[in-house]
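Chain residues, written in single-letter form:
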Amino acid sequence: MFGGKLVVTKAKNYGHDLKAMLDAITEKTTVVFVANPNNPTGTMVSNDELFNFIEKVPEHTLIALDEAYIEFLDNPADTISYVKQGKENLLLMRTFSKIYGLAGLRLGYGIAHKDIVAILEKVRQPFNINLVAQAAGIAALDDLEHIDRTKKNNKEGIKFYEEQLAKLGIEFVPTSANFILVKVGDGQKVFVELQKLGVIVRPMGGYGLPEWVRITIGTPQENKRCIRSLKKVLGLK
Ligand SMILES: *Cc1c(COP(=O)(O)O)cnc(C)c1O
């Protein structure tokens, strides 16, 4: 929209190659985007790699760090400390759409130095977050039981999928998020066929991964149904 030049670096093992991204930054680079954990691959970088990256990105480049899935992690990188210590080129972005299950309320937040926030305020529409969403968001932050339950369900679901897929000899990318990327051959076709069985997954052609689908971790019952349906669609016993 603003005529910026997009520079894309190659992924490494389906995840971010932070070294390649660092190398691609020049004096002209204004923003660098990192999603950690990443969507749609579920990959994440180690905390040390992330800290190293945050410290090495030059000050004229804003690090837009998408942490939509951070609440699913057992040992998330303490990125807020950098902001607290006054780091001026780091914008942490979080959402109530994922672990909190409030996607329909359209609520998220950013954490950054006050000068960055002031810039964003200039273009933010007035009243873009409504009162009901704010009330729900505040209540959700305190609902630790929900977060624990969802995290536990997610962990057990990932274990189930990884075991079942390994048993079936189906390739997948180990995940740190609440979905798993699975190699099924013709992703678009599997997507269509699964829908006929009442199961919706996401084909990945749009991400340059036409052989893959992304499956969201569900309840144990949903996960079993998905694997059963996948076996049927792929003609596996
Ligand atoms: C879901 C998601 C978001 C946030 O979605 P909203 O519903 O718009 O808050 C941001 N980044 C990634 C990588 C996501 O998967």
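Residues numbered from 1 in each chain as written. Predicted model: local features only at pLDDT ≥ 70, side-chain atom pairs only at ≥ 80, totals over all residues. Heavy atoms only, no water.

1. Things to note about unusual backbone geometry
Phase 1: The omega torsion of the bond from Asn36 to Pro37 falls at -10°, within 30 degrees of zero and hence cis.
Phase 2: Mapped onto the elements, Pro37 comes out in the loop between β1 (31–35) and α2 (47–56).
Phase 3: With an omega of 15°, the peptide bond between Asn39 and Pro40 qualifies as cis.
Phase 4: Looking at where Pro40 falls in the secondary structure, it is placed in the loop between β1 and α2.
Phase 5: Even without glycine at this site, Asn13 takes up a positive phi of about 50°.
Phase 6: Within the element layout of this structure, Asn13 appears in the segment before α1 (18–24).
Phase 7: Of note, Arg106 is a non-glycine position whose phi angle comes to about 55°, a positive value.
Phase 8: With respect to the helices and strands, Arg106 occurs in the loop between β3 (90–95) and β4 (108–112). (Helix = DSSP H or I, 4+ residues; strand = E, 2+ residues; numbered from the N terminus.)

2. Examining the layout of surface pockets
Phase 1: In this structure, the largest pocket spans a volume of roughly 1,100 Å³.
Phase 2: What lines the largest pocket is a set of 33 residues, and nearest its centre among them are Leu6, Val7, Val8, Thr9 and Met21.
Phase 3: Broken down by class, the residue content of the lining of the largest pocket amounts to 17 nonpolar, eleven polar and five charged.
Phase 4: Taken as a whole, the second largest pocket encloses approximately 470 Å³ of empty space.
Phase 5: Looking at the second largest pocket, it is lined by 15 residues, and the ones nearest its centre are Gly108, Tyr109, Gly110, Leu120 and Arg124.
Phase 6: Take the lining of the second largest pocket: its biggest share by element is five residues, from β4.
Phase 7: When its residues are assigned to classes, the lining of the second largest pocket shows nine nonpolar, three polar and three charged. (1 Å grid on protein atoms, 1.4 Å probe; cavity = no way out; pocket = protein on both sides within 12 Å on 5 of 7 lines; lining within 4 Å. Points joined across faces, edges and corners; volume = space filled by probe spheres on them. Nonpolar A, V, L, I, M, F, W, Y, C, P; charged D, E, K, R; others polar.)

3. Quick word on empty space enclosed by the protein
Phase 1: This model, assessed by the stated rule, comprises one cavity of 30 Å³ or more.
Phase 2: Computed from the structure, the largest cavity encloses a volume of approximately 60 Å³.
Phase 3: Asn36, Pro37, Met44, Asn47, Leu50, Glu67, Ile70, Leu73, Pro76, Ala77 and Thr79 are the residues that line the largest cavity.
Phase 4: In terms of residue class, the lining of the largest cavity is made up of seven nonpolar, three polar and one charged.

4. Structural notes on helix α5 (residues 131–142)
Phase 1: Under the 1.5 Å per step criterion, the end-to-end length of α5 is 17 Å for twelve residues, consistent within 8% with the ideal 16 Å.
Phase 2: When α5 is considered as a whole, its buried residues turn out to be Ala133, Gly137 and Ala140. Burial along α5 is one-sided: seen end-on, the buried residues are contained in an arc of 65°. Across from the buried face of α5, at angles greater than 90 degrees, the exposed residues are Leu131, Val132, Ile138 and Asp142.
Phase 3: Buried residues in α5 make contact with α6 (144–168).
Phase 4: By the N-cap criterion, in which a side-chain oxygen at the helix start approaches the backbone nitrogen of a residue two or three places on, α5 is capped by Asn130, the distance to Val132 being 3.0 Å. (Expected span 1.5 Å × (residues − 1). Buried < 20%, exposed > 50% of the residue type's maximum accessible area, 1.4 Å probe, protein only. Arc of directions from axis to C-beta. Contact = heavy atoms within 4.5 Å. Polar contact = N/O pair within 3.5 Å; in protein donor to acceptor, adjacent residues only side chain to side chain.)

5. Comments concerning the sheet that holds strand β7 (residues 202–203)
Phase 1: In spatial order, the strands read β5-β6-β8-β7; together these four strands make up an open sheet with antiparallel pairing. Strand pairing shows two members of the sheet lacking a second neighbour, β5 (172–173) and β7, which therefore form its edges.
Phase 2: Pairing between strand β6 (residues 179–183) and strand β8 (residues 212–216): five bridges, direction antiparallel. Its bridge partner being in β8, Leu181 is matched across the sheet by Arg214.
Phase 3: Sitting on the sheet, α6 is in contact with β5, β6 and β8, with an inclination near 10° to β6. (Pairing = 2+ DSSP bridges. Axes fitted to C-alpha atoms, helices over the stretch in contact; angles between N-to-C directions.)

6. A closer look at the pattern of salt bridges
Where side chains of opposite charge bring their charged atoms close, a pairing between them can arise.
Phase 1: One pass over the structure, following the stated rule, counts eleven salt bridges.
Phase 2: Note that Glu67 is salt-bridged to Arg94, the shortest N-O span being 2.8 Å. Of this pair, Glu67 sits in the loop between β2 (62–66) and α3 (80–84) while Arg94 sits in strand β3, and the two are 27 residues apart along the sequence.
Phase 3: Note that Glu156 and Lys152 form a salt bridge whose closest N and O atoms lie 3.5 Å from each other. Residue Glu156 and its partner Lys152 are located together in helix α6, separated by four residues, close to a single helical turn.
Phase 4: Given a relative accessible area of 53%, Lys152 falls into the exposed group. (Salt bridge = Lys/Arg side-chain N within 4 Å of Asp/Glu carboxyl O.)

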